[in-house]
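Analysis of the macromolecular model
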Amino acid sequence: GNSVTQMEGPVTLSEEAFLTINCTYTATGYPSLFWYVQYPGEGLQLLLKATKADDKGSNKGFEATYRKETTSFHLEKGSVQVSDSAVYFCALSGTTTGGYQKVTFGTGTKLQVIP
Amino acid sequence: NAGVTQTPKFQVLKTGQSMTLQCAQDMNHEYMSWYRQDPGMGLRLIHYSVGAGITDQGEVPNGYNVSRSTTEDFPLRLLSAAPSQTSVYFCASSSTWRQQTDTQYFGPGTRLTVL
């Protein structure tokens, strides 16, 4: 079945540092890939997505490129802020044999940015 | 436009008690789902629904029931609560079950403790 592996956290960075959170996946077919963010005490919300190979998703200074050859979707940001402190989830969405959308989430990576 | 709402926000139960977690969405979404979030395990799918009157099991359905009598509402019932059901529960929706590119919209979560 489909699976998503993301780097263990927590990740602690100083403000304005460069961020990379690694995500690799295993899937049949051509899934869509997502990054969701969960701020403290809240539900998950979409950060960015890419729906086909070589697509780059971007939002709020974050970027991730759908790399089919390496089955990866690493999240990057050039300069993090304290307000980026949150838990980040990599996810993939595929289709079951019954034709339904099925979303598989990684375990989440907690990011803490210190001033 | 409230999006996805969940009640209650917090709940403490004793072993053996039953309760219903409420979920509603006002976006006319076809697809609704329930996840539980546990430390180190990411989000796991409990049950999902592709429309009123149609539900199916996810990865971890045991001990939970669902029904979907309207497009808007998707309650999750715990039949006889057990300590292993202590978790944070999220309801999510997306516009259609047919498109793997669709974004999931999450509610704020219900934190459940079973003593």
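Values in this document were obtained by computation on a predicted structure and should not be read as measured data.

Reading the values: rules and limits
- Residues numbered from 1 in each chain as written.
- Chains lettered and ligands numbered in written order.
- Predicted model: local features only at pLDDT ≥ 70, side-chain atom pairs only at ≥ 80, totals over all residues.
- Heavy atoms only, no water.
- Helix = DSSP H or I, 4+ residues; strand = E, 2+ residues; numbered from the N terminus.
- Buried < 20%, exposed > 50% of the residue type's maximum accessible area, 1.4 Å probe, protein only.
- Contact = heavy atoms within 4.5 Å.
- Areas by Shrake-Rupley, 256 points an atom, 1.4 Å probe, with all protein chains shown as cover.
- Lys, Arg positive; Asp, Glu negative; His and termini not counted.
- Charge placed at Lys NZ, Arg CZ, Asp CG, Glu CD.
- Polar contact = N/O pair within 3.5 Å; in protein donor to acceptor, adjacent residues only side chain to side chain.
- Buried area = accessible area lost by both parts, 1.4 Å probe.
- Salt bridge = Lys/Arg side-chain N within 4 Å of Asp/Glu carboxyl O.
- Nonpolar A, V, L, I, M, F, W, Y, C, P; charged D, E, K, R; others polar.
- Pairing = 2+ DSSP bridges.
- Axes fitted to C-alpha atoms, helices over the stretch in contact; angles between N-to-C directions.
- Disulfide = S-S within 2.5 Å.

**A few points about the overall build of chain A**
Scanning chain A from N- to C-terminus turns up 0 helices and 12 strands. Going from the N terminus to the C terminus, chain A shows its helices and strands as β-β-β-β-β-β-β-β-β-β-β-β. In terms of overall dimensions, chain A has C-alpha extents of about 50 × 30 × 20 Å along its principal axes. Looking at chain A as a whole, 43% of its 115 residues qualify as buried. Within chain A, contacts between residues at least 6 apart in sequence are counted, and of these 54% link residues at least 24 apart. Element-wise, carbon and sulfur atoms account for 49% of the exposed surface of chain A, whose accessible area totals about 5,400 Å². Placing the 9 positive and 10 negative side-chain charges of chain A at their respective mean positions leaves the two points 8 Å apart.

**Some points on the side chain of Thr-109 of chain A**
Residue and element names in this part refer to chain A. Position of Thr-109 relative to the elements: it lies in strand 12 (residues 109–114). We classify Thr-109 as buried; its relative accessible area is 0%. At 2.9 Å, the side chain of Thr-109 and the side chain of Gln-6 are in polar contact. Ignoring anything within four residues of it in the chain, the contact list for Thr-109 reads Gln-6, Met-7, Gly-9, Val-11, Ile-21, Ala-86, Val-87 and Tyr-88.

**Quick look at the interface of chain B and chain A**
Contacts between chain B and chain A engage 24 residues on the former and 24 residues on the latter. Both sides together, the interface formed by chain B and chain A hides about 1,900 Å², and carbon and sulfur atoms give 50% of it. At the surface where chain B touches chain A, the tally comes to 0 salt bridges. Linking chain B with chain A are 3 residue pairs in polar contact (both at pLDDT 80 or more), by the criterion used here. Counting only elements with at least two residues in the side of chain B that touches chain A, the list comes to strand 4 (31–38), strand 5 (42–51) and strand 9 (87–94) of chain B. Ranked by the residues each element gives to the side of chain B that touches chain A, the list is headed by strand 5 of chain B, at 4 residues. When its residues are assigned to classes, the side of chain B that touches chain A shows 10 nonpolar, 11 polar and 3 charged.

**A closer look at the sheet that holds strand 3 (residues 19–25) of chain B**
Residue and element names in this part refer to chain B. A sheet is described by the order of its strands in space; here 4 strands give the open sequence 1-3-8-7, paired in antiparallel fashion. Looking at which strands have only one partner, the edges of the open sheet turn out to be strand 1 (4–7) and strand 7 (64–66). Between one strand axis and the next, the sheet turns by 20° as a mean value, whatever way the strands run.

**Things to note about the sheet that holds strand 7 (residues 56–59) of chain A**
Residue and element names in this part refer to chain A. Taken in spatial order, the 4 strands of this open sheet run 3-9-8-7, and their pairing is antiparallel. Looking at strand neighbours, the two that pair on one side only are strand 3 (19–21) and strand 7, the edges of this open sheet. Within the sheet, the average angular offset between the axes of one strand and its neighbour, ignoring direction, is 15°.

**Regarding the side chain of His-47 of chain B**
Residue and element names in this part refer to chain B. Note on placement: His-47 falls in strand 5. A polar contact of 3.1 Å, which involves the side chain of His-47, links it to the backbone oxygen of Tyr-64. Excluding its chain neighbours within four sequence positions, the residues that come into contact with His-47 are Ser-33, Trp-34, Asp-56, Gln-57, Gly-58, Pro-61, Tyr-64, Asn-65, Val-66, Phe-74 and Leu-76.

**Some remarks on the pairing of strand 2 (residues 11–14) of chain A**
All names here are of chain A. Here strand 2 shows one buried face, formed by Val-11 and Leu-13, and one open face, formed by Thr-12 and Ser-14. Direction of pairing for strand 2 relative to strand 12: parallel, over a ladder of 4 bridges. By the bridge assignment, Val-11 is partnered in strand 12 with Leu-111.

**Re the state of the cysteines**
Scanning the entire structure with this criterion turns up 2 disulfides over all chains. The side chain of Cys-23 of chain A participates in a disulfide bridge whose partner is Cys-90 of chain A; the two sulfur atoms lie 1.9 Å from each other. Given an S-S torsion of about -70°, the disulfide between Cys-23 of chain A and Cys-90 of chain A has left-handed geometry. Of this pair, Cys-23 of chain A sits in strand 4 (residues 23–26) while Cys-90 of chain A sits in strand 10 (residues 86–95), placing them 67 residues apart in sequence. No difference in accessibility class separates Cys-23 of chain A from Cys-90 of chain A, as the two residues are buried. Shown here is the disulfide that connects Cys-23 of chain B with Cys-91 of chain B, its sulfur atoms set 1.9 Å apart. Across the disulfide from Cys-23 of chain B to Cys-91 of chain B, rotation about the S-S bond amounts to roughly -70°, and the bridge is consequently left-handed. Of this pair, Cys-23 of chain B sits in strand 3 while Cys-91 of chain B sits in strand 9, and the two are 68 residues apart along the sequence. Residue Cys-23 of chain B is classed as buried on the basis of its relative accessible area of 2%. By relative accessible area, Cys-91 of chain B is classed as buried at 0%.

Treat this as a map of the structure, not an account of what it does.
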